[in-house]
Amino acid sequence: MANYSIQVNDKTYEVDVMDDMPLLWVLRDVLGLRGTKYGCGKALCGACTVHLDGTAIRSCSFAISAVGKGKITTIEGISANGDHPVQQAWEQYIVPQCGYCQTGQIMNAVALLKSNPQPSEQEIEQAMQGNLCRCGTYNRIKAAILSVAKA
Amino acid sequence: MNIPTSNKKELKNVTSQVFKASRRDFLKMGGLLAGGFVLGVNFFGCNEKGEKITSIAPNVYLQITSTGEVIIITHRSEMGQGIRTSLPLIVADELGAEWSKVRIVQAEGDEKKYGSQNTDGSFSVRMFYKPMREAGAIAKLLFMQAAAKQWQVPVAECDTAAGKVVHRRSGKSIEFGKLVTTAQTLPIPNVKDIKLKERQQFTMIGKATPIVDLHDIVSGTAVFGIDTVVENMKIAVIKRCPVLGGKVKSYNDKETLAVPGVLKVIPIKGGDIPPTIEKPLSGVAVIAENTWAAIKGRDLLDVTWDLGEHATYDSAQQLEELSKEILKKGTIRRNRGDFDRAKVEAKKVIEHTYIAPYLAHGTIEPPNALAVVKNGKCEVWAPTQHPQGARDAVANALGMPADEVKVNITLLGGGFGRKSKPDFIVEAALLAQESGLPIKVQWTREDDLHHDFFHALSVQRITATIDQNNQISGWNHHIAYPSISATFDTSVLQPADGELGQGASDFPYDVPAVKVETHDAKAHLRIGWLRSVRNIPQVFAIATMLDELAEARGLDPVKQALELLGDDRAITFDDEIVDGKYGNYGEDISVYPWETGRMKKVIEKVAQEANWGRKLPAGSGLGFAAHKSFLTYVACIVEVKVGPDNKISIPHVHYAVDCGTAVNIDRIKSQFEGGAQFSASIALKSEITVKEGAVVQNNFDSYQIVRMPEAPQQIHVHIIESEDKPTGVGEPPVPPFTPALCNAIYAATGKRIYKLPIDLKG
Ligand code: FES
Ligand code: FES
C-alpha cells in the first residue's frame, strides 16, 4: 500500500491503495465516482474511459502508480450539469439504450473532438472502435458526434 | 419462450379494473408522496368466457399530487428497451398530462403488489397497453367531472391537455393539482363509460418520446446495479468451477489472505445437477474491502476441483456428432402431407446442414448484486429482469419466508435474458448471510463468459423438394440442440414445443408436405435464453434455404415468399403438431392469430423501401428474409459489400415491421437498430467454444461483438400503421437480419453460408 495524491476533476485526493490498483477502482470504490464503468478490465470495451491530461485512457488498465501529476477528468467533471455539447448531442439524438456504455462513449468522443474537431465518418469509426455497445447504439453515436463537429 | 419459471401462464387472458386506493393500500406503497389522488389498477386472470377467476393483485399505481405532479409506479425492469418510458407515456397520453411533470418511480420486486414483473419475451407493452390507457382515461374523467362541477358546465364540454382540464367553449382551464381534492371524493366511473382517445388525438403514443433516464445516463448519475452501495459494504469475487457440475475439493487461501484489503475467504456449496437458474455454482468467494483486492485475491486462490461428468466435454466434437445424428430419422414433431412421397417424386432435392455455435449474452454490465441480511430479513439491490424470481430464489436459499426478502430493481446495463436468472443474486445473499456483512458480488467479464446461461449450439438439416411443376413440394427440417429445459431437468434431450415454436413448427409457408424432426442432444453447459432465443438458428436455416430454393426455381425470393404465404388468412398449426401444441408465445392464437396478410404487407413494404431488385456493382448484393416472432411481423433487406480481401461491410439495412399500435416510435426504431447490431455480432463475430468442459473464451478479445467500423451503417425502420394490439419489439428484429445478410453475401459473391459465424475464407 502506498499513499498517492491525485488530481481528479480539479480536486486533489489523497488515497492509500495498492500500487497496481487500476485507476478505475480508485475512482469507483475509493472516491465514489461511479459514472465511470467496468466492462472488461482489459482495455477491450471502453466503458471505463476517462481523460488523463485531455487524452482518453482506459482506466481499468491504468495503474494508480502511473497517474503521477497528470490531471484526471471523469464524466462527473466534463460539465457542471451534464450539459457539455457532446452530452447535449447525446440527448438530442436519444443515443442511449441501456446506457451503461455511454459515459465511456461520451468521454472517448469528447477526447476525439478535442484532438480532431472536424472528424470524418471514418475517423470517428476508427477513434470509437475501442468502445463496445452491446445494445447497438453505434449509428446514433456517430450522428451525435458529427452534429457536434458541424456545430 | 418455454421458460419454466415464468409467470406468464397466470397472466394469460387478463382483465383489469381501476379502483381508488384506500389509505391502507396507500401506506403499503413505497415511493408515493403523502396526499394527493391515487388510483390503482387491479388485474384478474380470466377463463375463456371472460369471467374473473383469480385476482393477480393491484398492479399499477397512478398518483396526482396537489402540485400537479403525476407519479406513475412502474414495475417493469429497464434494460435499454425504454419500457420505463413507454408504459407511463401510455397513461400520460390518455390522461392528458404534461410529460415534464410526470415522474416515474421504480417499484420494488413484490408480486403481491405489482403482479408478475418478469421482463422477457417482448411482453410488457403487449400486456399493459389497454389497462394503462384505461387508468389514464378514468383519471381524466374524474378530473373533468371535478372541473365541470366547479364551473357548472356539462362534463361533455370538457377535455384535458398538458396537465389541465379545459372548457372548450369558454376557454377556461384549471390544473389537475387544483382538482385533486374534489376528484378524490368522486366515485370511480365504470370502464364501460369511459371513452378512450381516438388515434388522431394521441399526443405521445406513436410519436418519439425521449427515454426518462436520458439525462442521468449522459451525466453519469444513473444508478445501475454495479453502482449501488450501502454502508460497510464489502466486495466479493468468486472463483467458480470451470466445468458444469464440478465441485470444490479443497483450496489453499494463504496467498489470498495476504493481499491487503482481503478480509475473508468463504466456500460456496453448489454445482448441483440440474443446475437450474437459481442455484449457485460451486466455488470459493474472496471478500475484500474493494473490487481490486477481491480480484487479486481470487487470482491467487489455489483450488482443487472435482470436475465431475462434463470434464471431457468438447463442443467441436459435439457438433461433429450431431452432424451425423441429424442424418438419421428423428422424432416427428410436426407433420403435414407425405414428405417421403414428395421426395420420391421430386424433380430436384436440395439438402444442407446448418451449424451455429454457443453464444454468451455479454451485457456490458456484468452480473452483480448487493445483499444485506439482518434480523431474519434480506434486502437485495440488483439489475434483474425478474425480481420476483429473485426474491423466491433468495428466500429459498436462505430458508426464510418470501415476505422477508425485499428486492430493489436498479437500472440494467443490458439484459438480453441473462439477468432474468437469479443465480448471481443468490450468491450475494448466501455470502451476506454467511459473513454477516453487506456483500456486493461482482462478476468479472471472464466470469460472465465462463459461467453464462448459454444460447445453445445447434445443428439443423433441411431437405427441400421441387416437383415437376417447379413448385416446392416438400420441406423436412431436422433439429438438434440441447434444450433450455435441460437446465431444469437433465432427462430432457430434445427441444421443447416452445423452442420449436420459434420458427420451426410454425413454418408458415404453404408447402404440401412439411415434416419437422428432432434429435437427442445432451446439455453440457447451463443453457439459457438469449434475445429472440431459438428463432436465431432456426430462421438462419429456414430463410437461407428459401433463398436457395428461389434460385433453383428461377424465382425472385421476395415474390416466392409472397406466393408461399398464399391468400390472406389466419393460420394455425395445432392439428399438425405431433403430441403437442403451438405455444404462440404464451398468447391465445384466437386473440393473436398468425395472419399471412400482415406478413405479406411487411414484405411488400420492405421490398419497396429498399428498392429491391435494383442493380448493384460487382461485390455488392441485397438479401432478403422475413420472420414473425413474439407476435411481431418483420421483413428485412440487407445490403452488403464484400471487398477483395473478403471484408464485409453493411451500408444499409431495411426493416419493415408490424407490431400493432406503435407506442413509442423512437424506441421501436432504436430496438430495431440495436437488434440489427446484435444480429450482426451473431452473424459475423461471436462464438463460444468448450474444451475439456470449460469455456475457451475469456474476454472481448476472443468473444467478439461488432465494433463501430464493421457495424451496419444505416438502419432504416419502416413501421406499418396499425390499430391492432401492440406486440413486442425487443426480440423480433434479431432473427431475420442474419439470414438476410447471408443471402446478400450470396448475391454479392456466389458463396452460400451454412455455418455461423460467417467465415468467407473457410
Ligand atoms: S473496463 Fe476498461 S476497457 Fe473495458
Ligand atoms: S447502451 Fe447498452 S451497452 Fe451501450
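Here the structure is a predicted model, which is why all the values come from computation and not from measurement.

Procedures and definitions
- Positions within a chain are numbered from 1, following the residues in the order the chain's sequence is written.
- By the order in which they are written, chains take letters starting at A while ligands take numbers starting at 1.
- Local features in this predicted model are restricted to residues whose pLDDT is 70 or higher, and side-chain atom pairs enter the listing and the counts only when it is 80 or higher, whereas totals over whole chains, interfaces and linings include all residues.
- Only hydrogens and water are set aside when side-chain values are computed; all heavy atoms of the structure are taken into account.
- Under the DSSP-based scheme used, a helix requires at least four consecutive residues in state H or I and a strand at least two consecutive residues in state E, with every element numbered from the N terminus.
- C-alpha atoms define the radius of gyration in this analysis, and the globule rule sets the expected value at 2.2 Å times the number of residues to the power 0.38.
- Three exposure classes are used, based on accessible area relative to the maximum for each residue type with a 1.4 Å probe and protein chains only: buried under 20%, partly exposed in between, and exposed over 50%.
- Any pair of residues with heavy atoms lying within 4.5 Å of one another is described as a contacting pair.
- The pairing criterion is simple: DSSP has to find at least two bridges between the two strands.
- Helix axes use the C-alpha atoms of the stretch in contact, all axes being lines fitted to C-alpha atoms, and the angles between their N-to-C directions lie in the range 0 to 180 degrees.
- To estimate how far a helix should extend, the number of its residues minus one is multiplied by 1.5 Å.
- Defined in terms of a 1.4 Å probe, buried area is the accessible area two parts forfeit on being brought together, summed over both.
- For salt bridges, the criterion is a side-chain nitrogen of Lys or Arg within 4 Å of an Asp or Glu carboxyl oxygen.
- Two N or O atoms count as a polar contact when they lie within 3.5 Å, although within protein this holds only if one can serve as hydrogen donor and the other as acceptor, and sequence-adjacent residues are included solely when both atoms are side-chain atoms.
- Residue polarity follows a fixed list, in which Ala, Val, Leu, Ile, Met, Phe, Trp, Tyr, Cys and Pro are nonpolar, Asp, Glu, Lys and Arg are charged, and the others, Gly among them, are polar.
- Summary of the metric used: pLDDT quantifies the predictor's per-residue confidence within the range 0 to 100.
- The labels follow the angle: roughly parallel below 35 degrees, roughly antiparallel above 145, roughly perpendicular from 65 to 115, and oblique for the rest.
- Crossing handedness follows the turn of the near helix against the far one: under a right angle anticlockwise gives a left-handed crossing, and clockwise gives a right-handed one.
- Between rings of Phe, Tyr and Trp, where Trp is taken as its six-membered ring, a pair exists when centres lie within 6.5 Å; planes separated by under 30 degrees are stacked, by over 60 edge-to-face, and by other angles tilted.

Chemist: It is not clear to me how the overall build of chain A should be interpreted in this structure. Could you clarify?
Modeler: Helices and strands together make up the secondary structure of chain A, namely 5 helices and 5 strands. Scanning chain A from its N terminus toward the C terminus, one meets helices and strands in the order β-β-α-β-β-β-α-α-α-α. Relative to a compact globule of 151 residues, whose C-alpha radius of gyration would be 15 Å, chain A shows 15 Å and is just as compact. By principal-axis analysis of the C-alpha atoms, chain A measures approximately 45 × 25 × 25 Å. Residues counted as buried form 61% of the 151 residues belonging to chain A.

Chemist: Got a minute to help me understand the overall build of chain B in this structure?
Modeler: Summing up its helical and strand segments, chain B has 19 helices and 30 strands in all. Scored against the burial criterion, the 762 residues of chain B give a buried share of 65%. Intrachain contacts of chain B at a sequence separation of at least 6 include 78% that bridge at least 24 residues.

Chemist: Looking at this structure, how should I read the sheet that holds strand 1 (residues 2-8) of chain A?
Modeler: By way of backbone hydrogen bonds, the strands of a sheet pair with one another, either parallel or antiparallel. All names here are of chain A. Read from one edge of the open sheet, 5 strands run 2-1-5-3-4, paired in mixed fashion. The sheet terminates laterally at strand 2 (11-17) and strand 4 (55-58), the two strands that pair on one side only. The mean angle between the axes of side-by-side strands here comes to 40°, regardless of whether they run parallel or antiparallel. Across 7 bridges, the pairing between strand 1 and strand 2 is antiparallel. Its bridge partner lying in strand 2, S5 is registered against E14. In the packing of helix 1 (residues 23-30) onto the sheet, contacts are made with strand 1, strand 2, strand 3 (49-52), strand 4 and strand 5 (71-73), and the angle to strand 2 comes to roughly 100°.

Chemist: Looking at this structure, I do not really get helix 17 (residues 596-609) of chain B. What am I missing?
Modeler: Residues spaced three or four apart along an α-helix face the same direction, because each turn holds 3.6 residues. Residue and element names in this part refer to chain B. Counted at 1.5 Å a residue, the expected span for helix 17 with its 14 residues is 20 Å, and the 20 Å between its end C-alpha atoms agrees. Those residues of helix 17 that fall on the buried side of the exposure criterion are T596, G597, R598, M599, K600, V602, I603, V606 and A607. N611 sits one or two positions beyond helix 17 and adopts a positive phi of about 55°.

Chemist: What am I meant to see in unusual backbone geometry here?
Modeler: Residues apart from glycine generally show negative phi values, whereas peptide bonds are mostly found in trans. All names here are of chain B. Along the chain, I273 connects to P274 via a cis peptide bond; the corresponding omega equals -5°. Omega for the peptide link from L756 to P757 comes to -10°, which places this bond in the cis form. With respect to the element layout, P757 can be found in the segment after helix 19 (734-749). Of note, N232 is a non-glycine position whose phi angle comes to about 65°, a positive value. Mapped onto the elements of the fold, N232 is located in the loop between helix 6 (214-219) and strand 9 (234-240).

Chemist: Even after reading the chapter, I still don't get helix 5 (residues 138-150) of chain A, so can you show me in this structure?
Modeler: Under the 1.5 Å per step criterion, the end-to-end length of helix 5 of chain A is 18 Å for 13 residues, consistent within 8% with the ideal 18 Å. Along helix 5 of chain A, the residues that are buried comprise A:Y138, A:N139, A:R140, A:I141, A:K142, A:A144, A:I145, A:V148 and A:A149.

Chemist: For this particular structure, what's the right way to read the interface of chain B and chain A?
Modeler: For an interface, size is often stated in terms of accessible area lost upon the parts coming together. Counting residues at the interface gives 63 residues for chain B and 50 residues for chain A. Considering only the side of chain B, the residues that lose the most area to chain A are B:V218, B:W292 and B:M708, jointly responsible for 17% of the buried surface there. At the boundary of chain B with chain A, the tally comes to 6 salt bridges. Of the charged contacts in the structure, one is a salt bridge between A:K42 and B:E446, with a shortest N-O distance of 2.7 Å. On the surface where chain B and chain A come into contact, there are 25 residue pairs in polar contact (both at pLDDT 80 or more). Listing elements by their share of the side of chain B that touches chain A, those giving two or more residues are helix 6, helix 8 (291-299), helix 13 (445-450), helix 18 (665-684) and strand 30 (714-719) of chain B. When grouped by side-chain class, the residues that make up the side of chain B that touches chain A number 31 nonpolar, 21 polar and 11 charged.

Chemist: Teacher, can you tell me more about the confidence of the model for chain B here?
Modeler: Low pLDDT means the predicted atomic positions in that stretch should not be read closely. Residue and element names in this part refer to chain B. Of the residues in chain B, 88% reach a pLDDT of 70 or more, and the chain-wide mean stands at 89. Scored below 50 in pLDDT, residues 1-12 makes 39 contacts in the model with residues more than four places away or belonging to other chains. Here the complex is predicted with pTM 0.87, and the ipTM for its interfaces comes to 0.98.

Chemist: Can you help me understand the side chain of B:N535 in this one?
Modeler: All names here are of chain B. Checked against the element boundaries, N535 lands in helix 15 (residues 535-552). A residue is classified by how much of its surface remains accessible, and N535, at 0% relative accessible area, is buried. Of note is the side chain of N535, whose polar atom sits 2.8 Å from the side chain of H627. Every residue in contact with N535, bar those within four places of it in the chain, is listed here: Q502, G503, F540, Y585, H627, S629, F630 and P735.

Chemist: So what exactly am I meant to see when it comes to the environment of A:L23 here?
Modeler: Residue and element names in this part refer to chain A. Relative to the assigned elements, L23 resides in helix 1. What makes L23 buried here is its relative accessible area of 0%. For L23, the residues in contact, after removing those within four places along its chain, are I6, V50, I57, S59, F62, A63, I64, V67 and I72.

Chemist: For this particular structure, what's the right way to read the pattern of salt bridges?
Modeler: It is possible for side chains bearing opposite charge to pair when their charged atoms get close. All names here are of chain B. Taken as a whole and judged by the stated rule, the model has 49 salt bridges over all chains. Here K377 and E404 are joined by a salt bridge, their closest N and O atoms 2.9 Å apart. A residue pair is termed long-range when its members are at least 10 positions apart, and K377 in strand 17 (residues 377-382) and E404 in the loop between helix 11 (387-398) and strand 18 (405-409) qualify at 27 residues. Here K377 falls in the partly exposed class, since its relative accessible area comes to 46%. Here the salt bridges share partners, and the residues they tie into one network are R240, R298, D299, E427 and D447.

Chemist: When you look at the sheet that holds strand 12 (residues 283-288) of chain B in this model, what are you seeing that I'm missing?
Modeler: Residue and element names in this part refer to chain B. An order of 11-12-9-19-16-17-18 is seen for the 7 strands of this open sheet, with the pairing classed as mixed. Edge strands, defined here as strands with exactly one partner in the open sheet, are strand 11 (262-268) and strand 18. In this sheet, adjacent strand axes meet at a mean angle of 25° when their direction is disregarded. Here strand 11 runs beside strand 12; their pairing, made up of 6 bridges, is antiparallel. Within strand 12, the position partnered with V262 by the bridge is A288. The sheet contacts of helix 11 involve strand 16 (368-374), strand 17 and strand 18, and relative to strand 18 the element is tilted by about 145°.

Chemist: What exactly am I supposed to notice about the packing of helix 2 (residues 85-92) of chain A against helix 3 (residues 102-115) of chain A here?
Modeler: Two quantities define a packed helix pair, namely the angle between the axes and the distance from one axis to the other. All names here are of chain A. Interhelical geometry of helix 2 versus helix 3 gives an angle of 130° and a closest axis separation of 9 Å. In terms of their interaxial angle, helix 2 and helix 3 are classed as oblique. Seen along the crossing, helix 2 lies across helix 3 with a hand that is right-handed. Two secondary-structure elements touch here, helix 2 through V86, Q87 and W90 and helix 3 through Q102, Q105, I106, A109, V110 and L113. Here the residues of the contact of helix 2 with helix 3 are counted per class, giving 6 nonpolar, 3 polar and no charged.

Chemist: Would you mind going over the packing of aromatic side chains with me for this structure?
Modeler: Between two aromatic rings, the relevant description is the distance of the centres plus the angle of the planes. Counted under the stated rule, the structure contains 14 aromatic pairs over all chains. Where A:Y100 meets B:F224, the ring centres are 5.2 Å apart and the plane angle is 90°; that geometry is what we call edge-to-face. You can see A:Y100 sitting in the loop between helix 2 and helix 3 and its partner B:F224 sitting in the loop between helix 6 and strand 9, one on each of two chains. By relative accessible area, B:F224 is classed as buried at 2%. Residues B:F416 and B:F678 carry aromatic rings whose centres are separated by 5.0 Å and whose planes lie at 45° to one another, so their mutual orientation is tilted. Of this pair, B:F416 sits in the loop between strand 18 and helix 12 (423-435) while B:F678 sits in helix 18, and the two are 262 residues apart along the sequence.

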